[in-house]
Amino acid sequence: MADSIPAPFDVKLMNIVANIAFAMVALMLLAAGAWWVLRQPFFPLAGIKVDGEVTHNNAVTLRANVAPQLSGNFFTIDLARARSAFESVPWVRSAVVRREFPNKLRVTLTEQVPVANWGDEAGSKLINGFGDVFEANVAEVDDNLPRLDGPIEQAGQVLGMYRVLQPQFQPYDLAVDELTLSSRGSWKVVLDSGAEIELGRGQSEEVTARLQRFLKTVTQVAGQYRRTMADVEGADLRHNDAYALRLRGVTTVSPEAPRKIK
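Residues numbered from 1 in each chain as written. Predicted model: local features only at pLDDT ≥ 70, side-chain atom pairs only at ≥ 80, totals over all residues. Heavy atoms only, no water.

So what exactly am I meant to see when it comes to unusual backbone geometry here?
Glycine aside, residues mostly have negative phi angles, and peptide bonds mostly take the trans form. Phe101 connects to Pro102 through a cis peptide bond whose omega is 10°. With respect to the helices and strands, the residue Pro102 is situated in the loop between strand 2 (92-100) and strand 3 (104-111). A positive phi angle, near 80°, is found at Trp91, a position not held by glycine. Relative to the helices and strands, Trp91 is located in the loop between helix 3 (79-87) and strand 2. According to the relative accessible area criterion, Trp91 is buried, its value standing at 4%. In this structure, Asp173 takes a positive phi of about 55° despite not being glycine. (Helix = DSSP H or I, 4+ residues; strand = E, 2+ residues; numbered from the N terminus. Buried < 20%, exposed > 50% of the residue type's maximum accessible area, 1.4 Å probe, protein only.)

Structure follows, in structure tokens:
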């Protein structure tokens, strides 16, 4: 029996290349077929499950508002686009969307929790505990929320200052109703007593130092006119070593002669 002659190297190489080419074509055909099957109406979404503490929305209205924005079936739906659709709903802060076999979407929602109103009273903006400003129906929130205002890009700073200042007034049974940061960087607070206090510029440490100096002495100053902290109508703390004070029912006809108005 004659020995078989091995195929030349170039023939072997051609065979290998041909086999690889055939395998790639087969894989591409399989992938194309699978993609075609997945895009057919064989795997429609049968429902959307909504989880999370949802108080300003309900699952029925959420599905009704979002479903028209969704396209595709269970396999082809764009989850990122679906997430954006849910997060565009009022009061929704964030959404996590995932597929739930065999034919549902499960959505976990986190709603906004307002800590203060934002901007003027005619607006419909609120601010959450993370310093994010959002729009919603303000009629649905607590009437006792404070009002914060300032440049929108500094909303977090304004909220931080509020959290620093509010405890300073609690020992006097007063609360911050409004806190404003002007475009020039000056702070102003309005208390629930109606008192307006100009706090001046600076970081929280500087502003707090001026405020503490004021609070430690204002009771004594008001007492000279038989008044209390509750009678403070306004104060200007923007002076270096002193402050200007307005008391209800007290006026002056000259800098040296304070007079009580009955």
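Please explain the sheet that holds strand 11 (residues 232-236) as it appears in this structure.
Working definition: the strands of a sheet are paired by backbone hydrogen bonds and lie parallel or antiparallel to each other. Spatially, 6-5-4-7-8-9-10-11-12 is the arrangement adopted by the nine strands of the open sheet, whose pairing is mixed. The open sheet has two free edges, formed respectively by strand 6 (133-135) and strand 12 (244-247), since each of these has just one partner strand. This sheet shows a mean twist of 25° between the axes of neighbouring strands, independent of strand direction. As paired elements, strand 5 (residues 125-128) and strand 6 share three bridges and run antiparallel to each other. Bridge pairing in strand 6 links Ile127 to Val133. (Pairing = 2+ DSSP bridges. Axes fitted to C-alpha atoms, helices over the stretch in contact; angles between N-to-C directions.)

Is there a simple way to explain the environment of Thr76 in this structure?
With respect to the helices and strands, the residue Thr76 is situated in the loop between helix 2 (59-66) and helix 3. A relative accessible area of 25% means that Thr76 is categorised as partly exposed. Through-space distance from the C-alpha of Thr76 to that of Pro44 is 9.8 Å; in sequence the pair is 32 residues apart.

Sorry if this is basic, but what is going on with the nonpolar core here?
Most often, soluble globular proteins have nonpolar side chains that are buried together. In terms of nonpolar packing, the biggest core is built from 34 residues, with Leu148, Phe169, Leu179, Ile197, Leu199 and Phe214 touching the most fellow members. Elements represented by at least two residues in this core include exactly strand 4 (114-118), helix 4 (155-169), strand 8 (176-181), strand 9 (186-191), strand 10 (196-201), helix 5 (204-223) and strand 11. Among the elements that line this core, the one with the most residues is helix 4, at seven residues. Setting aside anything within four residues of it in sequence, one finds Leu199 in contact with Leu165, Trp187, Val189, Val207, Arg210, Leu211, Leu237 and Arg238. The next biggest cluster of nonpolar side chains, apart from the first, holds 16 residues, and it includes Val50, Leu70, Ala85 and Leu109. (Core = buried A, V, L, I, M, F, W, Y, C linked by side-chain atoms within 4.5 Å. Contact = heavy atoms within 4.5 Å.)

Explain the sheet that holds strand 1 (residues 47-51) here, please?
Judged by pairing direction, the sheet is mixed, and its three strands sit side by side in the order 1-3-2 without closing on themselves. Among the strands making up the open sheet, the edge pair consists of strand 1 and strand 2. For this sheet the average axis-to-axis angle between neighbouring strands, irrespective of direction, equals 25°. Note: strand 2 against strand 3, eight bridges, orientation antiparallel. The partner of Arg99 across the bridge, within strand 3, is Leu105. Sitting on the sheet, helix 3 is in contact with strand 1, strand 2 and strand 3, with an inclination near 145° to strand 2.

Just to check I follow, could you spell out the confidence of the model for the chain for this structure?
In low-pLDDT regions, the fine details of the predicted coordinates are not to be read closely. Taken residue by residue, the chain gives an average pLDDT of 85. The fraction at 70 or more is 81%. For residues 253-262, every residue scores under 50 in pLDDT, and the model assigns this stretch 13 contacts once sequence neighbours within four places are set aside. (pLDDT = per-residue confidence, 0-100.)

I tried to follow helix 3 on my own but got confused; where do I start?
In an α-helix, one turn spans 3.6 residues, which is why side chains three or four residues apart end up on the same side. All buried positions along helix 3 are accounted for by Ala82, Ala85 and Phe86. Taken around the axis of helix 3, the buried residues stretch over an arc of 95°, which confines them to a single face. In this fold, the buried residues of helix 3 make contact with strand 1, helix 2, strand 2 and strand 3. Sitting at the head of helix 3, Asp78 places a side-chain oxygen 3.0 Å from the backbone nitrogen of Ala80. (Arc of directions from axis to C-beta. Polar contact = N/O pair within 3.5 Å; in protein donor to acceptor, adjacent residues only side chain to side chain.)

Quick question: what am I supposed to make of the pairing of strand 9 here?
The two faces of the sheet receive side chains in turn, since in a regular strand these alternate between them. Most of strand 9 sits inside the fold, with five of its six residues counted as buried. Bridge analysis of strand 8 against strand 9 gives five bridges, and the strand direction is antiparallel. When the sheet's bridge partners are listed, Thr180 is paired in strand 9 with Lys188. Between the end of strand 8 and the start of strand 9, which pair antiparallel, lie four residues, with Gly185 showing a positive phi angle near 90°.

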